[in-house]
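Each chain is listed here by its residues.
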Amino acid sequence: MAKSLTKVALIGCGAIGTVLAEAVDSGRAGETSLVAVFDVVPKSVERLVKHLKHHRPKGYLDFEQFLKESEADIIVEAASQEAVKLYAEQVAKAGKSIMIMSVGALLNEALRSRIEAAAKKAGCRVIVPSGAIGGIDVIKAARLGGLERVTLTTRKNPDSLKYSPYFQKVVKDPSKMKGPVVVFEGAAEEAVKAFPANVNVSAVLSLAGIGGAKTVVRIVADPSATRNIHEIEAEGEFGRLTVRLENIPHPENPRTSYLAVLSAIETLRSITSRDIRIGT
């Protein structure tokens, strides 16, 4: 008997979406099949569909048509926080599980509550990959026993941050930077607004731990940095946690780490395969 593949659809046909699509197409993302892709940019949809080697999904420019016709079991958002705001609740209401990569959007409590309520009512799931950081399993466990303090320090090259209007206000001319500069320090819920394409890791950490208002984020622009460095410090009744990751930036999108894309691929593989699962 032929195995039944989980049908996957994709929101976002950019650099990250392309890597995810390739993983599904090649079989690296478990027992999955890519059935549809959606983007508001026609050339992005056309390029991605033609790029795939084994199975070409149907491309859509109209979201309502995409949602109605795709027959997907799970829809993966790989576009932007704005895309989460526009589409995630609709996906859940349609009874389709959704995996969200632009996790920063979920620190908007009202939006998160609506998405959660829609998913609960429809009986589907909202899935968040661990992204470009580690230690999330410890943070989730520690929260149950009294997690008191969580701090994230992110260090990136200015080229990864320069598209943020907030960064442009703090650093007028990145080419004149002589050394590291702390460009943001504050709550995670504010960090994801100031740097919507750069610190989704802070949102993952917040959702797993003590929330976006209490999680402290420090963002450092360092002209000597060749990797995206994330340092997590957590403390509570469980003890103390320190994690440091030095991630290679995605070659086509330096604002994110390649590990974030690999995390999404592994999450898909894990939830659709019949292998022994490690962790949650």
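Higher on the page you've got the structure.
These notes cover the structure that comes with them. (Residues numbered from 1 in each chain as written. Predicted model: local features only at pLDDT ≥ 70, side-chain atom pairs only at ≥ 80, totals over all residues. Heavy atoms only, no water.)

1. Re empty space enclosed by the protein
Tallied over the entire structure, the rule returns one cavity of 30 Å³ or more. Taken as a whole, the largest cavity spans an internal volume of roughly 40 Å³. Lining the largest cavity, in full, are Val8, Ala9, Leu10, Leu20, Ala21, Val24, Leu34, Val76 and Leu268. Listing elements by their share of the lining of the largest cavity, those giving two or more residues are strand 1 (6-11) and helix 1 (15-26). Among the residues forming the lining of the largest cavity, the class breakdown is nine nonpolar, no polar and no charged. (1 Å grid on protein atoms, 1.4 Å probe; cavity = no way out; pocket = protein on both sides within 12 Å on 5 of 7 lines; lining within 4 Å. Points joined across faces, edges and corners; volume = space filled by probe spheres on them. Helix = DSSP H or I, 4+ residues; strand = E, 2+ residues; numbered from the N terminus. Nonpolar A, V, L, I, M, F, W, Y, C, P; charged D, E, K, R; others polar.)

2. Some thoughts on the packing of aromatic side chains
One pass over the full model with this rule turns up nine aromatic pairs. Taken together, a centroid distance of 5.8 Å and an interplanar angle of 40 degrees make the contact between Phe63 and Phe66 tilted. Of this pair, Phe63 and Phe66 both sit in helix 3 (residues 63-69), separated by three residues, roughly a single helical turn. Taken individually, Phe63 and Phe66 each receive the classification buried, so the pair is uniform in this respect. Of the aromatic side chains, those joined through ring pairs into one cluster are Phe38, Tyr60, Phe63, Phe66 and Tyr87. (Phe/Tyr/Trp six-rings, centres within 6.5 Å; stacked < 30°, edge-to-face > 60°. Buried < 20%, exposed > 50% of the residue type's maximum accessible area, 1.4 Å probe, protein only.)

3. Some thoughts on the sheet that holds strand 4 (residues 74-77)
The strand order across the open sheet built from six strands is 3-2-1-4-5-6, with neighbouring strands paired in parallel fashion. Here the strands that pair on one side only, and so sit at the sheet edges, are strand 3 (58-60) and strand 6 (126-127). Along the sheet, helix 2 (residues 42-51) contacts strand 1, strand 2 (32-38) and strand 3; its crossing angle with strand 2, the most-contacted strand, is approximately 155 degrees. (Pairing = 2+ DSSP bridges. Contact = heavy atoms within 4.5 Å. Axes fitted to C-alpha atoms, helices over the stretch in contact; angles between N-to-C directions.)

4. Details of the side chain of Ser202
Mapped onto the elements of the fold, Ser202 is located in helix 10 (residues 200-208). A distance of 2.7 Å separates a polar atom in the side chain of Ser202 from the backbone oxygen of Val199. Apart from residues no more than four positions distant in its own chain, Ser202 is found in contact with Leu152, Ala188, Ala191, Val192 and Val217. (Polar contact = N/O pair within 3.5 Å; in protein donor to acceptor, adjacent residues only side chain to side chain.)

Interpretation note: all reported values are geometric properties and have no functional meaning in isolation.
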